[in-house]
Amino acid sequence: MKTGLTFDDVLLVPKKSSVTSRKNISVKTRLTKNIELNNPIVSSNMDTVTEAKMGIEMARNGGIGIIHRFNSIDEQVSMVTSVKRAESLIIENPYSVSLDTKIDEIKFLMKKKKVHSLLVSEDGKLQGIITSRDIRFQKNGKIAKEIMTPREKIITGKPGTLPEEAKEVLDKYRIEKLPLVDSENRIMGLITSRDILNNINRPYASLDKRGRLLVGAAIGVKDYLERAKALVEAGVDVLVIDIAHGHSELAITTLQTIKKNFKIEVIAGNVVTGEGTKDLIEAGADAVKVGVGPGSICITRIVTGAGIPQLTAIMNCVSIAKKYDVPIIADGGIRTSGDLTKALAAGASTAMLGSVLAGTDESPGDLLIKDGRRVKIIRGMAGYGANMSKRERENMSSEVFDIVPEGVEGVVPYRGSVKDILKQLVGGLQSGISYCGGHSILGLQQNAEFIRITGAGKKESGSHDIGRF
């Protein structure tokens, strides 16, 4: 009988290092065969972890967020759209209103779309522009034509204007928006000073070829085609097939169908064996997600008796995936930057985190007080709460005994901004890479040597024999 190991069972053996500063260590990696990230952290597709706000911050800080699927298609598409429009070198389809749009409708649209300006158009041609300052003290009876800055006073650019050229125009005329129009005055796009500044100030953001933030979204294995089609049309960068047991005919059929119908990167899983990895890769997976039961809110191993400890599972899957040059995503069980380092050292290219990110400002849900501490709720997507909520939204029967839960609900401490959490995780990872004598994640994997430890060794690894304040 084989032995399965997880992160607490091992340590990495320190090696000679030539690193002078951990800031010089690269943590760039691949999410899928064709998508690169500036750090290896992926936020989990859980309804208490990743919606639009988390997706935006993850991409701004070099990772990526996967929008959960326990919502309607329209809701999920709206979240993806929010991330894709949060930053862009050129906004290709800027929001606009007509000349006779009333001011209360304009206010509602600005609030709903979370924008501070709207173009005014007629038959697709630029007529004016309205900003939040224009409507601040206006009465509701007025219409767009009466309060807009008219076309003849607007500085515009031509289609194909480069960001550097736009930057010079915006600076020269002290303006915030540069609409792009063709020779017939048709609206072809919009460049904003905010997006240019974001691009300068966040050089490590995860961006697509058009300068928009990267974002992923989850789909199920039943009635998934309509959802997948809507997400692809919304501009999602990667789809994640969300199923607990990924080495199944359902998952393989879903993967093959998606790859056949859409030109999109697809992450498949979850699996824990080399055989499962091989079957998903040969069915078209662009990355494979690994983990059955390691998550803090997952009880799959207790309910089903099935699973493999996470470190061994990663090694099983990497041994096959590297033959196909397909990245592995370590999903679950990571609590610290040390666990993250071990997961990557074992061969994973990225790691999906849930509970570590669930208590942040950007995670969905309200702050609660428990035992005098601020906390946020986290729940497994195979648990009662998530499934009952999904059934209610879809007007399905909500008979509680129909559900066999493989997840639980709990609380995690409030942790502040996700940006600060990512900074600590990435900093710890960079230190871990340097301890192994590497200068990158690839160097970590080439140099990694694990040593098994005892319970006493585990105890020795943490703080001990001192009073705690």
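Preceding this paragraph is the structure being described.
Keep in mind it's a predicted model, so treat the numbers as computed, not measured.

Calculation rules
Residues numbered from 1 in each chain as written. Predicted model: local features only at pLDDT ≥ 70, side-chain atom pairs only at ≥ 80, totals over all residues. Heavy atoms only, no water. Helix = DSSP H or I, 4+ residues; strand = E, 2+ residues; numbered from the N terminus. Buried < 20%, exposed > 50% of the residue type's maximum accessible area, 1.4 Å probe, protein only. Contact = heavy atoms within 4.5 Å. Areas by Shrake-Rupley, 256 points an atom, 1.4 Å probe, with all protein chains shown as cover. Lys, Arg positive; Asp, Glu negative; His and termini not counted. Charge placed at Lys NZ, Arg CZ, Asp CG, Glu CD. Core = buried A, V, L, I, M, F, W, Y, C linked by side-chain atoms within 4.5 Å. Expected span 1.5 Å × (residues − 1). Polar contact = N/O pair within 3.5 Å; in protein donor to acceptor, adjacent residues only side chain to side chain. Pairing = 2+ DSSP bridges. Axes fitted to C-alpha atoms, helices over the stretch in contact; angles between N-to-C directions. Patch = residues over 30% accessible without salt bridge, like charges linked within 9 Å, V, L, I, M, F, W, Y side chains within 5 Å. Salt bridge = Lys/Arg side-chain N within 4 Å of Asp/Glu carboxyl O. Right-handed = clockwise from strand over helix to strand, strands pointing away. Parallel < 35°, antiparallel > 145°, perpendicular 65-115°, else oblique. Left-handed = near helix turned anticlockwise from the far one by under 90°.

Engineer: Explain the overall build of the chain residue by residue, including any values.
Structural biologist: Looking only at helices and strands, the chain has 18 helices and 21 strands in total. C-alpha extents for the chain along the principal axes are approximately 80 × 60 × 50 Å. Residues classed as buried in the chain amount to 51% of the 469 residues present. Here the contacts in the chain between residues at least 6 apart in sequence split such that 64% fall between residues at least 24 apart. Working note: accessible area of the chain is about 23700 Å², and carbon and sulfur atoms make up 50% of it. Considering the chain, the positive charge centre built from 66 side chains and the negative charge centre built from 55 side chains are found 4 Å apart.

Engineer: Requested: an account of the nonpolar core, with residues and values cited.
Structural biologist: By size, the foremost hydrophobic cluster in this structure holds 87 residues, and its most contacted members are Ile258, Ile314 and Leu357. Among the elements that make up this core, the one with the highest residue count is helix H16 (residues 418–435) (seven residues). Look past the residues within four positions of Leu357 in its chain and what remains in contact with it is Ser43, Val49, Met54, Met58, Ser363, Val418, Ile421 and Leu422. Residues Val42, Val238, Ile267 and Met352 belong to the second largest nonpolar core, which totals 14 residues.

Engineer: Tell me about H16, and name the residues and values.
Structural biologist: Helix length check: H16 (18 residues) gives 26 Å between terminal C-alpha atoms against 26 Å at 1.5 Å per residue, within 8%. All buried positions along H16 are accounted for by Val418, Ile421, Leu422, Leu425, Val426, Gly427, Gly428, Leu429, Gln430, Gly432, Ile433 and Ser434. Lining the buried residues of H16 we find strand E4 (41–43), helix H1 (52–60), helix H13 (337–345), strand E17 (350–353), helix H14 (355–358) and helix H17 (441–447). Of the residues that open H16, the one with a side-chain oxygen 3.1 Å from the backbone nitrogen of Lys419 is Ser417. Just past H16, the residue Gly437 takes up positive phi, approximately 80 degrees.

Engineer: Give a detailed account of the sheet that holds strand E13 (residues 238–241), specifying residues and quantitative values.
Structural biologist: Remark on secondary structure: sheet strands pair via backbone hydrogen bonds, oriented parallel or antiparallel. The strand order E4-E5-E12-E13-E14-E15-E16-E17 describes a closed barrel built from eight strands, whose pairing is parallel. Strand after strand, the sheet turns through a mean of 25 degrees between neighbouring axes, direction not considered. By the bridge criterion, four bridges tie strand E14 (residues 265–271) to strand E15 (residues 287–290) in an arrangement that is parallel. Following the sheet pairing, Ile267 is matched in E15 by Ala287. On top of the sheet, helix H10 (residues 274–282) reaches E14, E15 and strand E16 (328–331); it is set at about 160 degrees to E14, its chief contact.

Engineer: If you had to explain the environment of Ala306 to someone new, which residues and values would you point to?
Structural biologist: Within the secondary structure, Ala306 sits in the loop between helix H11 (300–304) and helix H12 (310–324). When residues no more than four places from it in sequence are discounted, the contact partners of Ala306 are Val292, Thr300 and Arg301.

Engineer: Describe the sheet that holds strand E19 (residues 373–379), naming the residues involved and giving the relevant values.
Structural biologist: Read across the open sheet, the three strands follow the order E18-E19-E20; overall the sheet is antiparallel. Edge positions in the sheet fall to strand E18 (368–370) and strand E20 (409–413), since each of these pairs with one other strand and no more. Along the sheet, successive strands turn relative to each other by an average axial angle of 55 degrees, direction set aside. One ladder, built from five bridges, connects E19 with E20; its direction is antiparallel. The partner of Ile378 across the bridge, within E20, is Gly410.

Engineer: Would you mind going over a nonpolar patch on the surface in detail, with residue names and values included?
Structural biologist: Together, Leu368, Ile377 and Val411 line one region of the surface with nonpolar side chains, adding up to about 220 Å² of accessible area. Tracing the chain through its elements places Ile377 in strand E19.

Engineer: Tell me about the pairing of E13, residues and numbers included.
Structural biologist: Here E13 shows a buried face lined by Val238 and Val240 and a second buried face lined by Leu239 and Ile241. For strand E12 (residues 216–219) and E13, the ladder comprises four bridges, and the chain directions are parallel. Paired with Ala217 across the strands is Leu239, a residue of E13. With helix H8 (residues 225–234) bridging E12 and its parallel neighbour E13, the resulting β-α-β unit is right-handed. By the bridge criterion, three bridges tie E13 to E14 in an arrangement that is parallel.

Engineer: Could you give an account of the side chain of His68, naming the residues involved and the relevant values?
Structural biologist: Here His68 lies in the loop between strand E5 (64–67) and helix H2 (73–86). Assessed through its relative accessible area of 2%, His68 is described here as buried.

Engineer: Can you explain a negative patch on the surface? Please cite residues and give values.
Structural biologist: Together, Asp100, Asp104, Glu105, Glu122 and Asp123 give the surface a local cluster of negative charge. Within the secondary structure layout, Asp100 lies in the loop between strand E6 (96–97) and helix H3 (103–113).

Engineer: Give me the lowdown on the packing of H10 against H12, citing residues and values where you can.
Structural biologist: When two helices pack together, their arrangement is given by the angle between the helix axes and the distance between those axes. Packing of H10 against H12 leaves a shortest axis separation of 7 Å and a crossing angle of 30 degrees. The orientation of H10 with respect to H12, classified from their angle, is roughly parallel. Crossing of H10 against H12: the hand is right-handed. For the pair formed by H10 and H12, the contact residues are Gly274, Thr277, Lys278, Ile281 and Glu282 on the first element and Asn316, Cys317, Ile320, Ala321 and Tyr324 on the second.

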